[in-house]
Amino acid sequence: MTILALSELLGATVYDPSGAASGRVREVTLAPQEDRARISSLIVKTNSGNRVLPFAAVSAINGGVKAATAAAEWPVANGAEGLFLLERDLLDQQVIDINGRKVVRVNDVDLQLDSQKEPTGQTHPVLRVHSVDVGARGAIRRLLRGVAPKSALHVLLGRLPSRSIPWNFVDLIETDPARRVKLKISHEGLAKLHPADIADIVEDLAPDERQAVFQTLDEGVAASALEEVEPKVQKSIVESLDSERAADIVEEMDPDAAADLLGELTEDRTEQILVQMEPEVQQDVVELLEHKEGTAAGRMTTEFLALPVNATVQNAIDSMREFEGGVEAVSTIYLVDSNGTLVGAVPLARLVLAPLSTPMLALTQEPLVLAHESDQENDVAESFDKYNLLTLPVVDDHNKLTGVITSDDVISMLRAKL
């Protein structure tokens, strides 16, 4: 195995089978639909214009590129549709280091050169993207290439620490929607990170790059990440997306977080997004938008588990299996009467050892701590601190359960005040 820098391959002389120089390497390409790492072809600048040398027609790379076919047989380079060009699309571009959970800039690309044996017994070279250089070595190699003698440059580079990221830990950011579709490069690696890590990464990107990420992430992942992003960046992202895409993401957010976000937008923009949302979700968000900021009602979510006052542990378990809300909201199960009036609260921990036939009412926690819709945020925070709560039920003037405030809502509230 040999490691070859992209900056060294670019500009290299290409020789035909007779040994005559046919041109110089202008670009190195990938065909992501076929293989995300294997080099597909070289674009060579010849006297007759740019031509595409399929890598299958490369016989060796040693002191230049040796081609197995004559330049006249190479197709004319008429654009690069469906191809990813390493110099144009990768050098000096920002990429996401999935392993390091950060945004970095590519200074060079390390290519791995191997030999592959054919059934006929012949061997031919195979070139793959091995890693991206994000350190000083790559930058200096490119800066001094052709200026400093190769021997002196080699000594200098040997003294510098290597900072590279394996190619499989890199997620590409493509800001051109048309090319993004053609290249089919999805943010699969990014999607596996914790939403908070995705948020940190997104906040380090330029606006058009943030849009590119949120255009390609799964709606659920995008929603979770958006909830973790700073409010100003949240607003910028949603305003950059078309109404339909924005609605798809907002629908997946917790209703209270969605309402907080839409409340920061203009009325026209909020309306454009709301009309694209599913009626049931839209209604929940609209109701929350009507509550005043800085109150318990303005902080609550309408996703919670509430059971009839005569429910059993078996009923509670069945309800949890069907519940589609956030995990935080099921830490406490609430009991209500036929009018929706709050009667009791049962911590999830009390269900663990209780027989399935146990009435939920027998497991309620005392005292029943609650908040009224008009209570101020500071009062809510004090209740969480005083009673070590995970959730806090919110009732209206008739003691009807209208929502729940979770601990992460309080943490977000306190962070916003720092």
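Parameters and conventions
- Residues numbered from 1 in each chain as written.
- Predicted model: local features only at pLDDT ≥ 70, side-chain atom pairs only at ≥ 80, totals over all residues.
- Heavy atoms only, no water.
- Pairing = 2+ DSSP bridges.
- Helix = DSSP H or I, 4+ residues; strand = E, 2+ residues; numbered from the N terminus.
- Contact = heavy atoms within 4.5 Å.
- Axes fitted to C-alpha atoms, helices over the stretch in contact; angles between N-to-C directions.
- Parallel < 35°, antiparallel > 145°, perpendicular 65-115°, else oblique.
- Left-handed = near helix turned anticlockwise from the far one by under 90°.
- Nonpolar A, V, L, I, M, F, W, Y, C, P; charged D, E, K, R; others polar.
- Domains from an automatic or database assignment.
- Salt bridge = Lys/Arg side-chain N within 4 Å of Asp/Glu carboxyl O.
- Buried < 20%, exposed > 50% of the residue type's maximum accessible area, 1.4 Å probe, protein only.
- UniProt positions renumbered as here; feature names shortened; annotations may be inferred.
- Core = buried A, V, L, I, M, F, W, Y, C linked by side-chain atoms within 4.5 Å.

The name an unreviewed UniProt entry assigns to the protein is Mg/Co/Ni transporter MgtE, from the organism Candidatus Sulfotelmatobacter kueseliae.

(A) Examining the pairing of strand β10 (residues 102–105) more closely. Bridge analysis of strand β9 (residues 94–97) against β10 gives four bridges, and the strand direction is antiparallel. Across the sheet, Gln94 pairs through a bridge with Arg105, a residue of β10. Hairpin connection, β9 to β10: the antiparallel pair is bridged by four residues, and Arg101 has positive phi, about 55 degrees.

(B) Broad picture of the sheet that holds strand β20 (residues 401–406). What the three strands build is an open sheet, ordered β18-β19-β20; its pairing is mixed. At either margin of the open sheet sits one strand with a lone partner, and together these are β18 (371–372) and β20. Packing against the sheet, helix α17 (residues 377–387) makes contact with β19 (391–395) and β20, and its axis sits at approximately 140 degrees to β19.

(C) Representation of the packing of helix α7 (residues 195–203) against helix α9 (residues 219–228) within the structure. The geometry of α7 relative to α9 is characterised by a closest axis approach of 8 Å and an angle of 70 degrees between their N-to-C directions. Taken together, the axis directions place α7 and α9 in an arrangement best described as roughly perpendicular. By crossing handedness, the relation of α7 to α9 is classed as right-handed. On α9, the residues touching Pro195, Ala196, Ile198, Ala199 and Glu203 of α7 are Val221, Ser224, Ala225 and Glu228. Split by residue class, the contact of α7 with α9 holds six nonpolar, one polar and two charged.

(D) Seen up close, the domain arrangement of the protein. As assigned here, the protein comprises domain 1 (1–174), domain 2 (186–290) and domain 3 (306–417). Once you take the C-alpha centre of each, domain 1 and domain 3 turn out to be 59 Å apart.

(E) Structural view of the pattern of salt bridges. In total, this model carries eight salt bridges according to the counting rule given. Of the charged contacts, one joins Asp92 and Arg142 as a salt bridge, the two residues approaching to 3.0 Å between their closest N and O atoms. Placement of the pair is Asp92 in the loop between α2 (86–89) and β9 and Arg142 in helix α3 (residues 136–144), with a sequence separation of 50 residues. Note that Arg141 is salt-bridged to Asp108, the shortest N-O span being 2.7 Å. Here Arg141 is found in helix α3, whereas its partner Asp108 is found in strand β11 (residues 108–117), with 33 residues between them in sequence. For the pair Arg141 and Asp108, a shared accessibility class is recorded, and that class is buried.

(F) Region of the structure containing the UniProt feature "domain: CBS" (unreviewed entry) in the protein. As recorded in UniProt, the feature "domain: CBS" (unreviewed entry) lies at residues 300–362 and 363–418. Span residues 300–362 is 16% helix and 22% strand, its end C-alpha atoms 27 Å apart.

(G) Spatial organisation of the sheet that holds β10. Strands sit in the order β10-β9-β14 across an open sheet of three strands; the sheet is antiparallel. Of all strands in the sheet, those with a lone pairing partner are β10 and β14 (170–171), marking the two edges.

(H) Geometry of the nonpolar core. Ranked by internal contacts, the top residues of the largest apolar core, which has 52 residues, are Leu190, Phe214, Ile273 and Ile405. If sequence neighbours within four positions are ignored, Leu190 has contacts with Ile96, Ile98, Asp171, Ile198, Ile201, Val213 and Leu217. Of all hydrophobic cores here, the second largest spans 39 residues; its members include Val28, Leu30, Leu53 and Leu113.

(I) Inspection of the pairing of strand β3 (residues 21–30) at higher detail. Burial analysis of β3 places seven of its ten residues in the buried class, which makes it a mostly covered element. Strand direction decides the pairing type here: strand β2 (residues 13–15) and β3, joined by three bridges, are antiparallel. Each bridged residue has a counterpart across the sheet, and for Thr13 the counterpart in β3 is Arg24. Turn length for the β2-β3 hairpin, with the two strands adjacent in sequence and antiparallel, is five residues, and the turn residue Gly19 shows positive phi of about 95 degrees. As judged from the six bridges shared by β3 and strand β4 (residues 39–46), these two strands associate in the antiparallel manner. Across the sheet, residue Thr29 finds its bridge partner in β4, namely Ser41. One ladder, built from two bridges, connects β3 with strand β8 (residues 84–85); its direction is antiparallel. Across the sheet, Thr29 pairs through a bridge with Leu85, a residue of β8.

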